[in-house]
Amino acid sequence: MDGKIIDGKEISRQIKEEVGREVERLKQDGCTPGLAVILVGNDPASASYVGSKERTVKALGMHSEVIRMAEETSESELLGEIDRLNGDPAIHGILVQLPLPKQIDEQRIISAISPDKDVDGFHPINAGKLMAGLDAFVPCTPLGIMVMLERSGVSLKGKHAVVVGRSNIVGKPMSMLLLQQDATVTICHSKTADLPSVTKQADILVAAVGREGMINKEHVKDGAVVIDVGINRGEDGKLRGDVDFDAVLPVASKITPVPGGVGPMTIAMLMSNTLESARRAFKEGRC
Ligand code: GUN
């Protein structure tokens, strides 16, 4: 079993330690990286994610600003806040926690964030740059998965990677990153016919569907590396992934658990993207 379970918590701890050291170095040069997080409304899961982002930013010695706005906040009020942060030299990363209340157009908000401060990598400019193979902020979850694969010694060149899910946050950027590393990539989604026949071809299988336990033994080839992006809270209050872990464990060569797999990597990569943004600002005399 040793080495079979990819320990996202430990890899994320290493990344955060590395980022923390680099933050100290940049601070000695006179530039303190700053992250602003905007939370609109009262969703408890979002509030908990934002709280843990705030704690991590502070623990790594960075400047943290959290803006909590009421559920009934208008789109123009939120745009005004983003505009202010776009112009604030102490802020290098801006993250608007999703989902947003229904009166606010998510895409309009994402597009209002300066691409230079878009540490989520959701702005169409950054999405387009990733597609074109240019230097860009990359969404934190797929970026974290790439780091996990690399640090677990999984080679991608010439391998068949199957991504289940086509979201802008995970599925699409994940596919681009795997392609950049010379994997042969297939994207599956809710309309894919005979899903198991496709996923069974995967050397690397990434499940990002948001349905508890939907990937089971029938979907997985012997020896495949299985990455579970799902965070589903069951009726018993426990977190479970998109993969039926107990069923797939004997078949997979490596697998990520939930919790303690992909989840902790997302926040680590947000810290890394914020540091990178501050470094760029410093080089350009904007910090
Ligand atoms: N909601 C769930 N995941 C994320 C994320 O990675 N970024 C933002 N902004 N909101 C989210």
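Reading the values: the criteria
Residues numbered from 1 in each chain as written. Predicted model: local features only at pLDDT ≥ 70, side-chain atom pairs only at ≥ 80, totals over all residues. Heavy atoms only, no water. Pairing = 2+ DSSP bridges. Helix = DSSP H or I, 4+ residues; strand = E, 2+ residues; numbered from the N terminus. Disulfide = S-S within 2.5 Å. Buried < 20%, exposed > 50% of the residue type's maximum accessible area, 1.4 Å probe, protein only. Expected span 1.5 Å × (residues − 1). Contact = heavy atoms within 4.5 Å. Axes fitted to C-alpha atoms, helices over the stretch in contact; angles between N-to-C directions.

1. Concerning the sheet that holds strand β7 (residues 225–228)
Piece 1. Pairing is parallel across the open sheet formed by 5 strands, whose spatial order is β5-β4-β6-β7-β10. Each having just a single partner strand, β5 (184–188) and β10 (254–255) make up the two edges of the open sheet.
Piece 2. Pairing of strand β4 (residues 160–164) with strand β6 (residues 204–207) involves 4 bridges; the strand directions are parallel. Bridge pairing in β6 links alanine 161 to isoleucine 204.

2. Points about the state of the cysteines
Piece 1. Using the criterion set out here, one finds 1 disulfide in the structure.
Piece 2. Disulfide pairing places cysteine 31 opposite cysteine 287 at an S-S distance of 2.0 Å. The chirality of the disulfide connecting cysteine 31 with cysteine 287 is right-handed, given an S-S dihedral of about 95 degrees. Placement of the pair is cysteine 31 in the loop between α1 (8–28) and β1 (34–40) and cysteine 287 in the segment after α10 (262–283), with a sequence separation of 256 residues.
Piece 3. For cysteine 31, a relative accessible area of 0% corresponds to the buried category.
Piece 4. We classify cysteine 287 as partly exposed; its relative accessible area is 34%.
Piece 5. Just so you know, cysteine 140 is unpaired, no disulfide at all, and the nearest cysteine sulfur is the one on cysteine 31, 19 Å from it.
Piece 6. For cysteine 140, a relative accessible area of 5% gives the class buried.

3. Regarding helix α6 (residues 140–151)
Piece 1. With 12 residues, α6 extends 16 Å from end C-alpha to end C-alpha; this agrees with the ideal 16 Å at 1.5 Å per step.
Piece 2. In terms of burial, α6 is largely enclosed, as 10 of its 12 residues are buried.
Piece 3. Elements that come into contact with the buried residues of α6 comprise α1, α7 (171–180), β6, β7 and α10.
Piece 4. Looking one or two places after α6, you find glycine 153, whose phi comes out positive at around 75 degrees.

4. Regarding the sheet that holds strand β2 (residues 63–69)
Piece 1. Pairing is parallel across the open sheet formed by 3 strands, whose spatial order is β2-β1-β3. Strands with a single pairing partner mark the edges of an open sheet, and in this sheet they are β2 and β3 (93–96). Neighbouring strand axes in the sheet, compared pairwise and without regard to direction, differ in orientation by 15 degrees on average.
Piece 2. Inspection of the sheet shows β1 paired to β2 by 7 bridges, in the parallel sense. From the neighbouring strand, glycine 34 faces β2, where its bridge partner is histidine 63.
Piece 3. Contacts from helix α2 (residues 44–59) reach β1, β2 and β3 within the one sheet, and its direction differs from that of β2 by about 160 degrees.
Piece 4. Sheet strands touched by helix α3 (residues 75–86): β1, β2 and β3. Its angle to β2, the strand with the most contacts, is close to 170 degrees.

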